[in-house]
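# Fold and geometry: a report
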Amino acid sequence: MSAIEERIGRIERATAALTAAAAAPAPAPPPAEDANARKVGALIDLDKAMRHGAPYAPALAAARAVVGDSDALKALDPFAYTGIPGVDALCKELLGLLPQLAPKPQSQPAPSGIVERLQQSFAKLVRVQRTDALAGGAAGIIARATAAAQR
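Below is a short write-up of the structure. As the structure is a prediction and not an experimental result, all values here were calculated from the model.

Cut-offs applied
- Going along each chain's sequence as written, the residues are numbered from 1 onward.
- The predicted origin of the model limits local features to residues at a pLDDT of at least 70 and limits the giving and counting of side-chain atom pairs to 80 or more, whereas totals for whole chains, interfaces and linings rest on all residues.
- Heavy atoms throughout the structure, all of them, feed into the side-chain values; hydrogens and water do not.
- Here a helix means four or more residues in a row that DSSP labels H or I, a strand means two or more in a row labelled E, and each is numbered from the N terminus.
- By the convention used here, residues are in contact when the closest approach between their heavy atoms is within 4.5 Å.
- By convention in these notes, a salt bridge is any Lys or Arg side-chain nitrogen within 4 Å of a carboxyl oxygen on Asp or Glu.
- Exposure is judged per residue with a 1.4 Å probe applied to protein chains only, and the accessible area is read against the type maximum: over 50% gives exposed, under 20% gives buried, and values in between give partly exposed.
- Geometry is summarised by axes, namely lines fitted to C-alpha atoms with helices restricted to the contacting stretch, and by angles between N-to-C directions that run from 0 to 180 degrees.
- Each angle is binned into one of four classes, with values under 35 degrees roughly parallel, values over 145 roughly antiparallel, values of 65 to 115 roughly perpendicular, and all other values oblique.
- In this scheme, a crossing is called left-handed if the near helix is turned counterclockwise away from the far one by less than a right angle; it is called right-handed if the turn is clockwise.
- Classification used: nonpolar for Ala, Val, Leu, Ile, Met, Phe, Trp, Tyr, Cys and Pro, charged for Asp, Glu, Lys and Arg, polar for all others including Gly.

### A short note on the environment of Thr146
Here Thr146 shows up in helix H7 (residues 137–150). Sequence separation between Thr146 and Leu95 is 51 residues, and the spatial gap between their C-alpha atoms is 6.5 Å. Sequence-distant contacts of Thr146, defined by excluding residues within four places in its chain, comprise Leu95 and Leu98.

### Let's talk about the pattern of salt bridges
It is possible for side chains of opposite charge to pair when their charged atoms get near one another. Taken as a whole and judged by the stated rule, the model has three salt bridges. As a salt-bridge pair, Arg51 and Asp47 come within 3.0 Å of each other at their nearest N and O atoms. Here Arg51 pairs with Asp47, and both are found in helix H2 (residues 35–51), just four residues apart, close to one helical turn. In this structure, Lys74 engages Asp71 in a salt bridge whose closest nitrogen and oxygen atoms are separated by 3.8 Å. On the criterion of helical spacing, the pair formed by Lys74 and Asp71 is a turn pair, its members being three residues apart in helix H4 (residues 71–74). Overall, the relative accessible area of 63% leaves Asp71 in the exposed class.

### Topic: the packing of helix H5 (residues 87–101) against H7
The contact between H5 and H7 brings their axes to 9 Å, and the two run at 160°. As judged from the angle between their axes, H5 and H7 are roughly antiparallel. The hand of the H5/H7 crossing is left-handed. On the side of H5, the interface is formed by Cys91, Leu94, Leu95, Leu98 and Leu101, while H7 contributes Ile142, Ala145, Thr146, Ala149 and Gln150. The class makeup of the residues in the contact of H5 with H7 is eight nonpolar, two polar and no charged.

Pasting the structure below:
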């Protein structure tokens, strides 16, 4: 009987020790610092801020702190405080620049007859350009770019 009582006593002590260990909170291990994970996290935050079109100066500063002052991040400086312009703003700017690229009309010799003068006058009033894939040359490229920017 004494052997059984001794064994029960050991089991009770072990149970009490396990109960006390389970009740005490286990200290959490310190998180492992991974430089690559911090870089990726900072760059993802920067990417999200840039995609929203809002100013991203704080996210850029955080990315610089983790990544370092790289040349790739220097290209983002001009828009850091204003945000990257949206599609509408870029299309308006493109529409303002495209007329400067249009080819200048070639001067034609002075018309000798009344029909030729009428044709030349009408050519100044109405200009027909193709905007589909069949339009060629610089004028075709500009016409397609204008049509796309207007849409």
